[in-house]
Amino acid sequence: MTTKNITISGTDLSTRKINQKIKKGLSENEKIFYIENSQKLDSIVVGLREESNFKLKGEFGDFVGALNDGARIEISGKTGRYVGNNMTRGEIIINGTAEDGVGFGTYNGTIVVKGNAGDSIGQLNKGGTIVIDGNIGKLAGLYMLSGEIIVTGDAGEDTGDWMIGGTIYVGGDFQTGTNAEVSVLENSDKKKLQNIFQNYGIEAPIETFKKIEHQEIRPFYG
């Protein structure tokens, strides 16, 4: 396996040029990419169907890693909104903070933010695992269908508002929204969290977590 090393700084390249370089590298069987960015560009490393590895450094804009199916992205720095939007498969690790909408509509795969994140985390999540090792804003899991959202810190208002399926775990304080029900962790939940925390080097006390699930199967029809 060879390495494709792409370094971008200042105003060197546009989003389109960066993504074109990635596509060209993948077509030449390159599997590992290094990208350094200081432009806060949107839609970097998106729409990929190949299994590949990316190491990103810097401050990035919205939709990083959106619509991917199999890519692994590790980011050292900040990201904007909607990281991993509608991702089908793969992994995104953010060593920094993220803004609103982490994992919006994610079908599968794992997103880990080792820092705080904004509002609407995991909205319309369809099966992904979203881990925030920090605090988040309001409306986590809004209309969530499946998968897991795990927050080691505090969550804001309306956590799990109108969720239809899936599970939210919160280690800190939170306020639930409509149709959400809070319960204590079962042994299977504890084992699941322990495995995830071990895999991603997260230190969080399992005993402080609460589980949030939906109360009704068809909330919209009461």
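See the structure printed just above.
Please read these numbers as outputs of a predicted model, since none were measured by experiment.

Caption draft 1: Just the packing of aromatic side chains, in detail. All chains considered together, the criterion is met by four aromatic pairs. Judged by centre distance (5.4 Å) and plane angle (15°), the rings of Phe63 and Tyr82 are stacked. Remark: Tyr82 occurs in the loop between β4 (69-76) and β5 (89-95) and Phe63 occurs in the loop between β3 (52-58) and β4; sequence separation between them is 19 residues. What makes Tyr82 partly exposed here is its relative accessible area of 26%. Here Tyr82 and Phe104 contribute two aromatic rings whose centre-to-centre distance is 5.8 Å and whose plane-to-plane angle is 85°, an arrangement assigned as edge-to-face. Linking Tyr82 in the loop between β4 and β5 with Phe104 in the loop between β5 and β6 (110-113), this pair joins segments that are 22 residues apart in sequence. Grouped by ring-pair contacts, the aromatic residues Phe63, Tyr82 and Phe104 constitute a single cluster. Its end group placed over the ring of Tyr107, Lys126 keeps NZ or CZ at 4.5 Å from the ring centre.

Caption draft 2: Region of the structure containing the nonpolar core. In this structure, Ile22, Val45, Phe54, Leu56, Val102 and Ile121 are the most contacted members of the largest nonpolar core, which totals 40 residues. Look past the residues within four positions of Val45 in its chain and what remains in contact with it is Asn19, Ile22, Ile35, Phe54, Leu56, Gly65, Ala66, Asn68 and Ile73.

Caption draft 3: Region of the structure containing the pairing of β5. In terms of strand pairing, β4 meets β5 through seven bridges, oriented parallel. Bridge pairing in β5 places Ser76 opposite Asn95. Two elements, β5 and β6, share four bridges in a ladder whose sense is parallel. By the bridge assignment, Ile92 is partnered in β6 with Ile111.

Caption draft 4: Spatial organisation of helix α2 (residues 187-200). Along its 14 residues, α2 runs 20 Å from first to last C-alpha, staying within 8% of the 20 Å computed at 1.5 Å per residue. Within α2 the residues assigned to the buried category are Asp189, Leu193, Ile196, Phe197 and Tyr200. Considered in projection along α2, the buried side chains sweep an arc of 100° and stay on one side of the axis. Residues Asn187, Lys191, Gln198 and Asn199 are exposed on α2 and point more than 90 degrees away from its buried face. Considering only its buried residues, α2 is in contact with β5, β6, β7 (126-132), β8 (146-151), β9 (167-170) and β11 (210-214). Gly201 sits one or two residues past α2 and shows a positive phi near 65°.

Caption draft 5: Spotlight on the environment of Gly156. Summarising the element assignment, Gly156 is placed in the loop between β8 and β9. Remark: the alpha-carbon pair of Gly156 and Ser38, spanning 118 residues in sequence, is separated by 30 Å. Ignoring sequence-local partners within four residues, the contact set of Gly156 consists of Ile136, Gly137, Lys138, Phe174 and Gln175.

Caption draft 6: Quick look at the pattern of salt bridges. According to the stated counting rule, one finds twelve salt bridges in the structure shown. A salt bridge links Glu59 to Lys40; its shortest N-O distance comes to 3.8 Å. Separated by 19 residues along the polypeptide, Glu59 in the loop between β3 and β4 and Lys40 in the loop between β2 (32-37) and β3 bring together distant segments of the chain. Take Glu59: its relative accessible area is 33%, and that puts it in the partly exposed class.

Definitions and limits used
- Residues numbered from 1 in each chain as written.
- Predicted model: local features only at pLDDT ≥ 70, side-chain atom pairs only at ≥ 80, totals over all residues.
- Heavy atoms only, no water.
- Phe/Tyr/Trp six-rings, centres within 6.5 Å; stacked < 30°, edge-to-face > 60°.
- Helix = DSSP H or I, 4+ residues; strand = E, 2+ residues; numbered from the N terminus.
- Buried < 20%, exposed > 50% of the residue type's maximum accessible area, 1.4 Å probe, protein only.
- Lys NZ or Arg CZ within 6 Å of the ring centre and 35° of its normal.
- Core = buried A, V, L, I, M, F, W, Y, C linked by side-chain atoms within 4.5 Å.
- Contact = heavy atoms within 4.5 Å.
- Pairing = 2+ DSSP bridges.
- Expected span 1.5 Å × (residues − 1).
- Arc of directions from axis to C-beta.
- Salt bridge = Lys/Arg side-chain N within 4 Å of Asp/Glu carboxyl O.

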